[in-house]
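Here is how the chains run, residue by residue.
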Amino acid sequence: MSLFSYLITFLGILFWFFRAIATLLFQLDVSFFAQPINTNTEIAVLFITLPCMVLIIKRNIVGAAIYFAVYATYFGTALYNTIMTVGFGGLDIASSANLLFTVIGVILPALTFLDVLLNKNRTLGNGKKREDWFYANKDYDRQFDERADRNQYKF
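Because the structure is a prediction, the values reported are computed rather than measured.

(A) Here's a closer look at the overall build of the protein chain. The helix and strand inventory of the protein chain stands at five helices and zero strands. Walking the protein chain from its N terminus toward its C terminus, one meets helices and strands in the order α-α-α-α-α. For the protein chain, the share of sequence-separated contacts (at least 6 apart) that also reach a separation of at least 24 residues comes to 66%. Entry remark: accessible area of the protein chain is about 11000 Å², with carbon and sulfur atoms responsible for 65%.

(B) Structural context of the layout of surface pockets. There is about 170 Å³ of room inside the largest pocket. Of all the secondary-structure elements, those providing two or more residues to the lining of the largest pocket are helix H3 (61–89) and helix H4 (93–118). Of the residues forming the lining of the largest pocket, the biggest block, five residues, is contributed by H3.

(C) Focus on empty space enclosed by the protein. With the rule as written, the count across this model stands at one cavity of 30 Å³ or more. As a volume, the largest cavity reaches approximately 40 Å³. A total of three residues in the lining of the largest cavity trace back to one element, the largest contributor, which is H4. The class makeup of the residues in the lining of the largest cavity is three nonpolar, three polar and one charged.

(D) Highlighting the nonpolar core. Membership of the largest hydrophobic core comes to 21 residues, with the highest contact counts inside it found for Phe15, Ile56, Tyr67, Tyr71 and Phe101. Of all the elements, H3 adds the most residues to this core, at six residues. In this structure, Tyr67 is in contact with Gly12, Thr49, Cys52, Met53, Ile56, Leu108, Pro109 and Thr112, ignoring residues within four places of it in sequence.

(E) Inspection of the packing of aromatic side chains at higher detail. Here the structure, examined in full by the defined rule, presents twelve aromatic pairs. Judged by centre distance (6.4 Å) and plane angle (55°), the rings of Phe15 and Tyr71 are tilted. Within this pair, whereas Phe15 is found in helix H1 (residues 3–27), its partner Tyr71 is found in helix H3, the two being separated by 56 residues in sequence. Seen from their ring centres, Phe18 and Phe101 are 4.7 Å apart, and the 40° between their planes marks the pair as tilted. One end of the pair, Phe18, is in helix H1; the other, Phe101, is in helix H4, and 83 residues separate them in sequence. The exposure class of Phe18 is buried, given its relative accessible area of 19%. Accessibility expressed as a relative area gives 11% for Phe101, which makes it buried.

Reading guide: rules and limits
- Residues numbered from 1 in each chain as written.
- Predicted model: local features only at pLDDT ≥ 70, side-chain atom pairs only at ≥ 80, totals over all residues.
- Heavy atoms only, no water.
- Helix = DSSP H or I, 4+ residues; strand = E, 2+ residues; numbered from the N terminus.
- Contact = heavy atoms within 4.5 Å.
- Areas by Shrake-Rupley, 256 points an atom, 1.4 Å probe, with all protein chains shown as cover.
- 1 Å grid on protein atoms, 1.4 Å probe; cavity = no way out; pocket = protein on both sides within 12 Å on 5 of 7 lines; lining within 4 Å.
- Points joined across faces, edges and corners; volume = space filled by probe spheres on them.
- Nonpolar A, V, L, I, M, F, W, Y, C, P; charged D, E, K, R; others polar.
- Core = buried A, V, L, I, M, F, W, Y, C linked by side-chain atoms within 4.5 Å.
- Buried < 20%, exposed > 50% of the residue type's maximum accessible area, 1.4 Å probe, protein only.
- Phe/Tyr/Trp six-rings, centres within 6.5 Å; stacked < 30°, edge-to-face > 60°.

Pasting the structure below:
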């Protein structure tokens, strides 16, 4: 994976931890600047995200698609509702914080999905190492003599 892939995946995991902390603090009635949109749905989204993150780390397109679909559905509707509320009522501090986190909740999975979709098998090295002239070349493979002892002595 490239550095961009690592950063996007790491930011997704950090965002998951942030949403988990915000949901936990909301359940404990502790004042926090971010609140879940719908507590029960947020808990379900958090649990669905766990296997998706494992699949994203393994560069599986199905995990990235599920992650994108769940977050786009959950945060996309909240983003639409927040934008409509801001258009009619104005923007206060609580709604601006919710707007920021819903935008992050839509953009981050979209970037993750596009990254996995476009760069599924790409690595930084791509096999162009200094040693490839030796290891990737069949001319330098070891040829066994037919008279050689092929017994595997185990002590």
